[in-house]
Amino acid sequence: MAYTIRQTRREDWRQLRELRLAALQDPVAPVAFYEPYEEAVRLTRGDWERRASGGRRVTFIGETEDGVWGGMVGAYVRDGMVYVIGVYMLPEHRGTGLARELMIAAIEWAGGQEVRLRVHENNPRAARFYASLGFRPTGETDTDPRDPALHAYELALRTVTG
């Protein structure tokens, strides 16, 4: 399947909302996202427009020629590093290469800055995928806010420029 990879725009807010809410209701969501569905569904149109608008936080989407969004990857800059968040592919678009295309777009957007992300310990498929892109553990962990016995591990892609 062929996708156009692009950043979302303010006018994409409805589709971004729909995709994010689908992500938060997906059975894998408990180990992929910390934002509860109940909070996201209460966000205002203005909140979604800000999320879609870009700036220091961007969302890349993969769009089919029919205009269907198959997945997304978010990224933002903090302290000279780029953090990847909100990685999600609709079930029917998994295994198509879309996740790799979106991650490459986020890595290129980073412009040579270090790229970091977190992966839940109960999400080995995602951990293998990120490792295939060159991400390696930093040694940092976070406690899952829903279950203090579980953790998310930070991974980093350190690029060499110049």
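**Remarks on the side chain of Glu35**
Consideration 1: Relative to the elements of secondary structure, Glu35 occurs in the loop between helix H2 (29-32) and helix H3 (37-40).
Consideration 2: A distance of 2.7 Å separates the side chain of Glu35 from the side chain of Arg20, its partner in a polar contact.
Consideration 3: A polar atom in the side chain of Glu35 sits 2.8 Å from the side chain of Arg51.
Consideration 4: When neighbours within four sequence positions are excluded, Glu35 is seen to be in contact with Arg20, Leu24, Ala40, Leu43 and Arg51.

**Focus on the nonpolar core**
Consideration 1: Counting residues in each nonpolar core, the largest one holds 26 residues, and the members touching the most others are Val73, Val84, Met103, Val115, Leu117, Tyr130 and Phe135.
Consideration 2: Secondary structure elements with two or more residues in this core: strand S2 (57-63), strand S3 (69-78), strand S4 (81-89), helix H5 (98-109), strand S5 (115-120), helix H6 (124-132) and strand S7 (147-157).
Consideration 3: Excluding residues within four positions of it along the chain, Val73 makes contact with Val58, Thr59, Phe60, Val84, Ile85, Gly86, Val87, Met89, Leu102, Met103 and Ala106.
Consideration 4: In terms of nonpolar packing, the next biggest core, distinct from the first, is built from 16 residues, Trp13, Leu16, Ala29 and Met72 among them.

**Side note on the packing of H5 against H6**
Consideration 1: Contact geometry for H5 and H6: axes closest at 11 Å, N-to-C directions at 55°. As summarised for this structure, H5 and H6 are arranged oblique, according to the angle between their axes. In this structure, the crossing between H5 and H6 has a hand that is right-handed. Counting all contacts with H5, which are made through Ala99, Arg100 and Met103, the residues of H6 involved are Phe129, Tyr130 and Ser132.
Consideration 2: Per-class residue counts for the contact of H5 with H6 are four nonpolar, one polar and one charged.

**Some remarks on helix H4 (residues 45-53)**
Consideration 1: Listing the buried residues of H4 in full gives Trp48, Glu49, Arg51 and Ala52. Down the axis of H4, the buried side of the element spans an arc of 160°, and every buried residue falls inside it.
Consideration 2: Contact partners of the buried residues in H4: helix H1 (13-25), H3 and S2.
Consideration 3: Backbone geometry just downstream of H4 places Gly54 in the positive-phi region, at approximately 90°.

**Considerations on the pattern of salt bridges**
Consideration 1: Summed over all chains, the structure comprises 15 salt bridges.
Consideration 2: With a closest N to O distance of 3.0 Å, Arg9 and Glu11 form a salt bridge.
Consideration 3: Arg9 gets classed as partly exposed once you look at its relative accessible area, which sits at 39%.
Consideration 4: Judged by its relative accessible area of 53%, Glu11 falls in the exposed class.
Consideration 5: One salt bridge in this structure joins Arg45 and Glu49, with 2.8 Å as the shortest N-O distance. Of this pair, Arg45 and Glu49 both sit in helix H4, four residues apart, roughly one helical turn.
Consideration 6: Note on Arg45: relative accessible area 47%, which makes it partly exposed.

Rules used throughout
- Residues numbered from 1 in each chain as written.
- Predicted model: local features only at pLDDT ≥ 70, side-chain atom pairs only at ≥ 80, totals over all residues.
- Heavy atoms only, no water.
- Helix = DSSP H or I, 4+ residues; strand = E, 2+ residues; numbered from the N terminus.
- Polar contact = N/O pair within 3.5 Å; in protein donor to acceptor, adjacent residues only side chain to side chain.
- Contact = heavy atoms within 4.5 Å.
- Core = buried A, V, L, I, M, F, W, Y, C linked by side-chain atoms within 4.5 Å.
- Buried < 20%, exposed > 50% of the residue type's maximum accessible area, 1.4 Å probe, protein only.
- Axes fitted to C-alpha atoms, helices over the stretch in contact; angles between N-to-C directions.
- Parallel < 35°, antiparallel > 145°, perpendicular 65-115°, else oblique.
- Left-handed = near helix turned anticlockwise from the far one by under 90°.
- Nonpolar A, V, L, I, M, F, W, Y, C, P; charged D, E, K, R; others polar.
- Arc of directions from axis to C-beta.
- Salt bridge = Lys/Arg side-chain N within 4 Å of Asp/Glu carboxyl O.

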